[in-house]
Each structure stands twice: as structure tokens, then as C-alpha cells.
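As a plain string of letters, each chain reads:
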Amino acid sequence: MPNQKQNSPKPDDRTNNVERIDQMIKNTKENIHKAEISMEFSSSEEVQKMQEKNKRREQSINAMVEERNDEAQDRENGYK
């Protein structure tokens, strides 16, 4: 049998979680804005779908903000 490399899990690196979540929030807000612009040129059915999707995006942003705050607090506490 050939020598196989052992698959070992990567260590948990949380040092950039706050920044990563901030970027995700920014991207989601940009997507909401783009959808709002697209709605001006869309059918009523498409507008309704985009409004529903934007509502879900807003819920995601709220969850990401909570997660970001938790990560920031954990960073302050030294990731215990």
C-alpha cells in the first residue's frame, strides 16, 4: 500500500471571524440594494419574490449581527 497522508482537521482559527462576518453583512446589504434596484424593472411576480428574498436577507443580517457580537465578545475574552 502506498504511503497515505493522514487527514487531520485544521485547528479552529477564529481570529478573523469578526471581519469575515462583517464582510458577509456588507455583501448581504449590497444584495438587498441590488434587488431593490432590479425591482424597478421587474414584473409584480418577480418583485414579490425579491421582496420575500430581501426579507430573508434581513433576517440573516440580524442573525449575523448577533453572531458577530458574540465573536467580538469572545475575542475580548481571549476565546475561552
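Everything below is about the structure shown above.
Residues numbered from 1 in each chain as written. Predicted model: local features only at pLDDT ≥ 70, side-chain atom pairs only at ≥ 80, totals over all residues. Heavy atoms only, no water.

(A) Inspection of the overall build of the protein at higher detail. Check the secondary structure of the protein and you find two helices and zero strands. In terms of overall dimensions, the protein has C-alpha extents of about 60 × 45 × 15 Å along its principal axes. Counting across all 80 residues of the protein, residues that qualify as buried make up 21%. Here the contacts in the protein between residues at least 6 apart in sequence split such that 70% fall between residues at least 24 apart. In the structure as shown, the protein presents an accessible area of about 6900 Å², 46% of it carried by carbon and sulfur atoms. (Helix = DSSP H or I, 4+ residues; strand = E, 2+ residues; numbered from the N terminus. Buried < 20%, exposed > 50% of the residue type's maximum accessible area, 1.4 Å probe, protein only. Contact = heavy atoms within 4.5 Å. Areas by Shrake-Rupley, 256 points an atom, 1.4 Å probe, with all protein chains shown as cover.)

(B) Quick peek at the side chain of Thr28. Secondary-structure assignment places Thr28 in helix H1 (residues 17-39). Judged by its relative accessible area of 14%, Thr28 falls in the buried class. In this structure the side chain of Thr28 is engaged in a polar contact, spanning 2.8 Å, whose partner is the backbone oxygen of Met24. In this structure Thr28 touches Arg57, Ile61 and Met64, once residues within four positions along its chain are discounted. (Polar contact = N/O pair within 3.5 Å; in protein donor to acceptor, adjacent residues only side chain to side chain.)

(C) Looking closely at the nonpolar core. Grouped together as the largest cluster of nonpolar side chains are five residues: Ile21, Ile25, Ile32, Ile61 and Met64. Breaking this core down by element, the ones donating at least two residues are H1 and helix H2 (44-76). (Core = buried A, V, L, I, M, F, W, Y, C linked by side-chain atoms within 4.5 Å.)

(D) Spatial organisation of the environment of Ile25. With respect to the element layout, Ile25 can be found in helix H1. What makes Ile25 buried here is its relative accessible area of 9%. Along the chain, Ile25 and Arg68 lie 43 residues apart, while their C-alpha atoms are 9.5 Å from each other. Those residues in contact with Ile25 that lie beyond four places of it in its chain are Ile61, Met64 and Val65.

(E) Local environment of H2. The first and last C-alpha atoms of H2 sit 47 Å apart over 33 residues, in line with the 48 Å expected at 1.5 Å per residue. Residues of H2 that are buried include every one of Val47, Met50, Asn54, Arg57, Ile61, Met64, Glu71 and Ala72, and no others. (Expected span 1.5 Å × (residues − 1).)

(F) Local environment of the environment of Arg14. Locating Arg14 in the fold gives a position in the segment before H1. C-alpha separation for the pair Arg14 and Met24, spaced 10 residues apart in sequence, amounts to 15 Å. In this structure, Arg14 is in contact with Glu71, Asp74 and Tyr79, ignoring residues within four places of it in sequence. Looking at Arg14, its side chain comes within polar contact range of the side chain of Asp74, at 2.6 Å.

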